[in-house]
Amino acid sequence: MFLRDHLTNQMNKVILGTWSFSKEAVTTARDALLSSQSSIDSIEKGINSIEENMKYGPCIVGVGGPRNSHGFLEMDAAVMNGRHLQFGAVTALKGFSKPISVARSVMERCTHSMLTADGARIFAEKEGFTFNPDLASEDTNGEMPPQCHDTLGLIVLDGDDISCGVSTSGMPNKHPGRVGDSALPGNGLYADVSGGAACCTGDGDFILKFCPAFHVVQLLKQGKEPKEACNIVISDMKDRCTDYFEISIIAVNMKGEYGAGTTVASWKDPLEKDKTFNGFPYVVWTSGMDAPVFLCQETIT
C-alpha cells in the first residue's frame, strides 16, 4: 500500500496561479516542470515571465507596476520550498527586474531569510543581478492605475515536493517602504510537505494580521480539502471584521487536490477590459491536462 501511494504521489504535478493573468506564468512553469526542472526552478521561471513583461504592470506586478507616493517602484517577492521549510524574500527592492530570482538567491545563498530596500539591493548586486537605473529612478508623471491589491502567486506540486512564490509591486501610491502580506511567510505564502501550500492575494495590510496561508496549510495537515481549508480561514477572518476586505487564497495538498476561497464577488481583468469574472479567477494545470485552464471561485456565504 505504501509503495503504491508513494508512486502515485510521485506522478502528481499541479500548478496553480492567482488571477486570470497568471496563465503565462503557469504555462511557463509547466514547461519547466515537464523538462525535469525542480519545483523552485518552475516557480522562478513562471514568475519571471510576468515580472519582466511591462504589459503586466496594471496587474500590480513587475517592471510595469505602479510607483509609490514618491514616484519610485518598490517590489516585494518571496519563495518557499516545503521540503525543508526553506524561505527567502526581498521587500522594497528597487532597480531589479526579477525580484523573485533575488528572493530565491536570498533563500539559497544568504545567512538571512529576508532582506529589504538598500540591503536587498547590495545583496542582489553582489550576487550578480543586473541593476537597472531606470527601474530605480523617480517617476511622478506616470498614470496611476485604480486602487487594487493584485499579487501574482504561484504554487507548484511536483510529486512529493512542493513550492510556492509570490511577486508584487504593491498597491498604487503606497507609502515608501510599505510592505504588505505578500513576502511575509505564513501570510502571503506558505509551504510544508506535511500538508501542502497556499498563496494569498488581496488587501495586504489586513491579511498580514491573520497569517492565513499558514493556517490553511495547518488545516491541510489535519486532512481538510484545499477549498474547505481556504473557506474556513476566510470565514474566521470575516467573523473578526464587520467591514468588507479583499482576500483570495489558492491551495494545493500533497495528494494533488486544489481549491480556492475568496471574498471577491467580481473582478475585471485589467488586460482585457471586456472580461469580467463573477468571483475570483485562478489558473490551474495538472499532469492530466493538455493546457492550463481558468477556474472561477465564487464568494463563500
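In case you missed it, the structure is sitting above this.
A short tour of the structure in this document, coming up. (Residues numbered from 1 in each chain as written. Predicted model: local features only at pLDDT ≥ 70, side-chain atom pairs only at ≥ 80, totals over all residues. Heavy atoms only, no water.)

Things to note about the overall build of the protein
- Helix and strand counts for the protein come out as nine helices and 14 strands.
- In terms of overall dimensions, the protein is globule-like: its C-alpha atoms have a radius of gyration of 18 Å, near the 19 Å expected for 301 residues.
- In terms of overall dimensions, the protein has C-alpha extents of about 60 × 45 × 35 Å along its principal axes.
- Here the protein, with 301 residues, has 57% of them falling under the buried criterion.
- Excluding contacts between residues fewer than 6 apart, the proportion of contacts in the protein whose partners are at least 24 apart in sequence is 66%.
- Summed over its atoms, the accessible surface of the protein is roughly 12,700 Å², and 49% of this surface lies on carbon and sulfur atoms.
- The averaged location of the 37 negative side-chain charges in the protein is 2 Å from the averaged location of its 26 positive side-chain charges. (Helix = DSSP H or I, 4+ residues; strand = E, 2+ residues; numbered from the N terminus. Rg over C-alpha atoms; globule rule 2.2 N^0.38 Å. Buried < 20%, exposed > 50% of the residue type's maximum accessible area, 1.4 Å probe, protein only. Contact = heavy atoms within 4.5 Å. Areas by Shrake-Rupley, 256 points an atom, 1.4 Å probe, with all protein chains shown as cover. Lys, Arg positive; Asp, Glu negative; His and termini not counted. Charge placed at Lys NZ, Arg CZ, Asp CG, Glu CD.)

Details of the sheet that holds strand β9 (residues 247-253)
- What the four strands build is an open sheet, ordered β7-β8-β9-β10; its pairing is antiparallel. The outermost strands of the open sheet, each flanked by one partner alone, are β7 (189-192) and β10 (258-262). Neighbour to neighbour, the strand axes of the sheet diverge by 10 degrees on average, direction disregarded.
- Both β7 and strand β8 (residues 196-202) contribute to a ladder of four bridges, which runs antiparallel. Within β8, the residue paired with D192 across the bridge is G196.
- Docked against the sheet, helix α8 (residues 212-221) engages β7, β8 and β9, running at close to 150 degrees with respect to β8.
- With respect to the sheet, helix α9 (residues 226-239) is in contact with β9 and β10, its orientation differing from that of β10 by roughly 20 degrees. (Pairing = 2+ DSSP bridges. Axes fitted to C-alpha atoms, helices over the stretch in contact; angles between N-to-C directions.)

Regarding the side chain of D161
- Mapped onto the secondary structure, D161 falls in strand β6 (residues 161-168).
- With residues near it in sequence (within four places) discarded, D161 still touches S39, N81, R83, V156 and M254.

Some points on the pattern of salt bridges
- Counted under the stated rule, the structure contains 14 salt bridges.
- With a closest N to O distance of 2.8 Å, D31 and R30 form a salt bridge.
- Judged by relative accessible area, R30 falls into the buried class, the value being 14%.
- Put simply, R109 and E127 hold a salt bridge, and the shortest N to O gap is 2.4 Å. Residue R109 is found in helix α4 (residues 99-109), and its partner E127 is found in the loop between α5 (117-126) and α6 (133-136); the two are separated by 18 residues along the sequence.
- For E127, a relative accessible area of 23% puts it in the partly exposed group.
- Look at the salt bridges and you will find they share partners, linking D41, E44, R104 and E108 into a network. (Salt bridge = Lys/Arg side-chain N within 4 Å of Asp/Glu carboxyl O.)

Overview of unusual backbone geometry
- Positive phi outside glycine occurs at I60, with the angle close to 65 degrees.
- As for its placement among the helices and strands, I60 is situated in the loop between α3 (39-51) and β2 (75-81).
- The class of I60 is buried, set by a relative accessible area of 0%.
- With phi around 50 degrees, C211 is a residue other than glycine that occupies positive phi space.
- Examined against the element boundaries, C211 turns out to sit in the loop between α7 (204-207) and α8.
- For C211, a relative accessible area of 31% translates into the label partly exposed.

Describing the sheet that holds strand β14 (residues 293-297)
- Strand order in the open sheet formed by eight strands is β4-β3-β2-β6-β5-β1-β13-β14, with mixed pairing between adjacent strands. Taken across any chain shown, the strands that pair with only one partner, and hence form the sheet edges, are β4 (114-116) and β14. Taken over all neighbouring pairs, the strand axes of this sheet differ in orientation by 15 degrees on average, direction set aside.
- Looking at chain direction, β2 and strand β3 (residues 86-93) are connected through six bridges and run antiparallel. Note that in β3 the partner of A77 across the bridge is V90.
- Contacting β2, β3, β4 and β6, α4 crosses the sheet at an angle of about 135 degrees to β3.

Section: α3
- With 13 residues, α3 extends 18 Å between its outermost C-alpha atoms, agreeing within 8% with the 18 Å of an ideal straight helix rising 1.5 Å per residue.
- For α3, the complete set of buried residues consists of S39, I40, D41, S42, I43, E44, G46, I47, N48, S49, I50 and E51.
- On its buried side, α3 packs onto α2 (23-34), β2, α4, β5 (152-158) and β6. (Expected span 1.5 Å × (residues − 1).)

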